[in-house]
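For reference, the chains in residue letters:
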Amino acid sequence: MTNPPPRSKKKNEAAAAPEPPRRAFRARSMAALLPQISQPVFRKQSAAAVQVMTDWADIVGPHLAALTVPRKLSAGTLTVGCQGPVAMELQHLAPTVIARINTTCGHGVVKRLKMVQDLLALPQQAPSPAPPRTPPPPVEIDDMPDGPLKEALASLGGWLRARQGQ
């Protein structure tokens, strides 16, 4: 029994590894680079869908934006998450909402609305800000000349002392 002739490693390595793209070592305009960068992003979500999601409060108004959340824009259908009776209100306002979206984002972006009952539709409301605290008395700094730096450091020292006391 004879062994087959050995194959060259170089030939196999060259066939397995694709050739890297050639690089141009000259300045290129941003417009030439932008399609390569934006194409993968726009495959996931169109620019119109992103604009609808980000400008939702401006498009439908603060009252309706507080009660609804746009979920998905696909094939001219905008899915909107809402709770309870808001869906009925949105159904009556659908022609107006569609017209406002198409005015903002371009003609024919949204053809119909799909309301989805969603318990998590409302965006989480930020907790109310803590009441302002009164600043603690500043720390005395004797070996520094008077000025804004001394005042800032004295104030910082007061806050740190108050924090350590807690």
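Since this is a predicted model, take the numbers as computed values, not measurements.

Here we come to a nonpolar patch on the surface. A cluster of nonpolar side chains, contributed by Leu149, Leu153, Leu156 and Leu160, occupies part of the molecular surface with about 360 Å² of accessible area. Residue placement: Leu160 occurs in helix H7 (residues 148-165). Of the residues examined, Leu160 reaches a relative accessible area of 42% and is grouped as partly exposed.

Another point: the nonpolar core. Within the largest apolar cluster, 20 residues are counted, with the highest numbers of intra-cluster contacts made by Trp56, Val60, Leu78, Val97, Ile101, Val110 and Leu113. Taken together, the elements giving at least two residues each to this core come down to helix H3 (47-54), helix H4 (56-60), helix H5 (62-67), strand E2 (77-82) and helix H6 (86-105). With six residues, the top contributor of residues to this core is H6. For Val60, the contacting residues outside a window of four places in its chain are Ala65, Val97 and Arg100.

Between H3 and H6, the least distance of the axes is 10 Å, while the angle of their chain directions is 120 degrees. With respect to H6, the element H3 is oriented oblique. The handedness of the crossing between H3 and H6 is right-handed. Facing Ala48, Gln51 and Val52 of H3, the residues of H6 in contact are Ile101, Thr104 and Cys105. For the contact of H3 with H6, the residue count by class is four nonpolar, two polar and no charged.

A word on the pattern of salt bridges. By the definition in use, this model includes one salt bridge. Across the salt bridge formed by Asp146 and Lys150, the nearest N and O atoms sit 3.2 Å from each other. Since its relative accessible area comes to 71%, Asp146 is described here as exposed.

Time to look at the confidence of the model for the chain. Detailed reading of predicted coordinates is not advised where the pLDDT is low. Mean pLDDT over the chain stands at 77; residues scoring 70 or higher make up 77%. Ranking the elements of the chain by mean pLDDT puts helix H1 (residues 9-16) last, at 58, and H7 first, at 89.

The rules behind these values
Sequence order sets the numbering: in each chain, residues are counted from 1 along the sequence as written. This being a predicted model, a pLDDT of at least 70 is required before a residue's local features are given, and a value of 80 or more before pairs of side-chain atoms are given or counted; all residues contribute to the totals for chains, interfaces and linings. Excluded from the side-chain calculations are hydrogens and water; all other atoms, namely the structure's heavy atoms, are used. A residue counts toward a patch only above 30% relative accessible area and without a salt bridge, and it is joined to like-charged neighbours within 9 Å or, for Val, Leu, Ile, Met, Phe, Trp and Tyr, to nonpolar neighbours within 5 Å. Exposure was quantified through the Shrake-Rupley algorithm and a 1.4 Å probe, taking into account, for residues, occlusion by the shown protein chains and nothing else. One side-chain nitrogen of Lys or Arg within 4 Å of one carboxyl oxygen of Asp or Glu is enough to make a salt bridge. A run of DSSP states H or I qualifies as a helix once it reaches four residues; a run of E qualifies as a strand once it reaches two. Both are numbered from the N-terminal end. Think of it in three bands: with a 1.4 Å probe and only protein chains considered, a residue is buried below 20% of the maximum accessible area for its type, exposed above 50%, and partly exposed in between. We call a set of buried Ala, Val, Leu, Ile, Met, Phe, Trp, Tyr and Cys residues a nonpolar core when their side-chain atoms join them within 4.5 Å. It only takes one pair of heavy atoms within 4.5 Å for two residues to be counted as in contact. What counts as an axis is a line fitted to C-alpha atoms, over the stretch in contact for a helix, and the angles between N-to-C directions run from 0 to 180 degrees. Each angle receives one of four descriptions, namely roughly parallel if under 35 degrees, roughly antiparallel if over 145, roughly perpendicular if within 65 to 115, and oblique otherwise. Take the far helix as your reference; a near helix turned counterclockwise from it by less than a right angle gives a left-handed crossing, and one turned clockwise gives a right-handed crossing. Basically, the charged four are Asp, Glu, Lys and Arg, the nonpolar ten are Ala, Val, Leu, Ile, Met, Phe, Trp, Tyr, Cys and Pro, and anything else, Gly included, counts as polar. Residue-level confidence of the predictor is what pLDDT reports, using numbers from 0 through 100.

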